[in-house]
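# A look at the structure
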Amino acid sequence: MSKKQKYYVVWQGKQPGIYTDWDTCKEQVHGVVGAQYKSFDTLQEAEAAIKLPYSSVVASSDTSSTRKTSSTSILFVDENGMTAIRPDAENPPILDALAVDAACSGNPGMMEYQGIYIPTRTRIFHYQAPKGTNNIGEFLAIVHGLSYLKKHRLNQIIYSDSVNAISWVRQKQCKSKLALDASTAELWDYVHRAENWLKTNTYTTEIRKWDTDRWGEIPADFGRK
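Here we summarise the structure given alongside this text. (Residues numbered from 1 in each chain as written. Predicted model: local features only at pLDDT ≥ 70, side-chain atom pairs only at ≥ 80, totals over all residues. Heavy atoms only, no water.)

## Quick look at the sheet that holds strand S8 (residues 122-132)
Spatially, the 5 strands line up as an open sheet ordered S8-S7-S6-S9-S10, and their pairing is mixed. The sheet is open, and its two borders are formed by S8 and strand S10 (207-209), each paired with just one other strand. Neighbour-to-neighbour, the strand axes of the sheet open up by a mean angle of 20°, direction not taken into account. Across 9 bridges, strand S6 (residues 97-106) lies against strand S7 (residues 109-117) in antiparallel orientation. Looking at the pairing, aspartate 101 lines up with glutamine 114 of S7. Most of the contacts of helix H4 (residues 134-151) go to S6, to which it runs at about 155°, and overall it touches S6, S7, S8, strand S9 (157-160) and S10. Lying over the sheet, helix H5 (residues 163-171) contacts S9 and S10, oriented at roughly 155° with respect to S10. (Pairing = 2+ DSSP bridges. Helix = DSSP H or I, 4+ residues; strand = E, 2+ residues; numbered from the N terminus. Axes fitted to C-alpha atoms, helices over the stretch in contact; angles between N-to-C directions. Contact = heavy atoms within 4.5 Å.)

## Some remarks on the sheet that holds strand S2 (residues 17-19)
If you trace the 3 strands from one edge of the open sheet to the other, you get S2-S1-S3, paired in antiparallel fashion. The open sheet has two edge strands with one neighbour each: S2 and strand S3 (36-40). Strand-to-strand, the axes of this sheet are offset by a mean angle of 25°, without reference to chain direction. In the sheet, strand S1 (residues 7-12) pairs with S2 via 3 bridges, with the strands oriented antiparallel. Following the sheet pairing, valine 10 is matched in S2 by glycine 17. Seen against the sheet, helix H1 (residues 22-29) touches S1, S2 and S3 and runs at an angle of roughly 10° to S1.

This is the structure we're talking about:
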């Protein structure tokens, strides 16, 4: 039996367009940060989809695809091993979303955060500071995500597993008690710019708490626990 023809739409890649085989499509998205692509069964579907924003195309199929996968583990594999989102038929996570998380070696200590696009486990952004706290990193990660989604006009939600950071973002203020000195001056300047962004920008992005108990570690987790 011959393999069924598929059509691949690339919205964001080396050369956006419609491709008729996976190998050619892969060349366009491999190594591209934030690559956006999806397969379709017919050329007509692909031609219609490429005229729309990627986020709206994925969102329209997210409800059915999420239900289909809610009874089995959704696995993400990278060079460090494998992470699973646990199944939850009643309250599954939305997969077309951005997950953010921070890690700190000591508290305070070397701090970093990242934003990960959940379906592909693609790192969208990353920041590192020589001295900071986990809460500051979580706060900055959410603001970075809000800025990124607004800049690229993406209608996705942001997941964070930090209640403190979500609260700080809603209050438009980082309430860390980290001392401001020579070792933290650059980080605090970054924090103040993030606070200013929140005060001078509007956004429609929904920020949700990642349910670790039901779904396992957030996909943006650095895996250092």
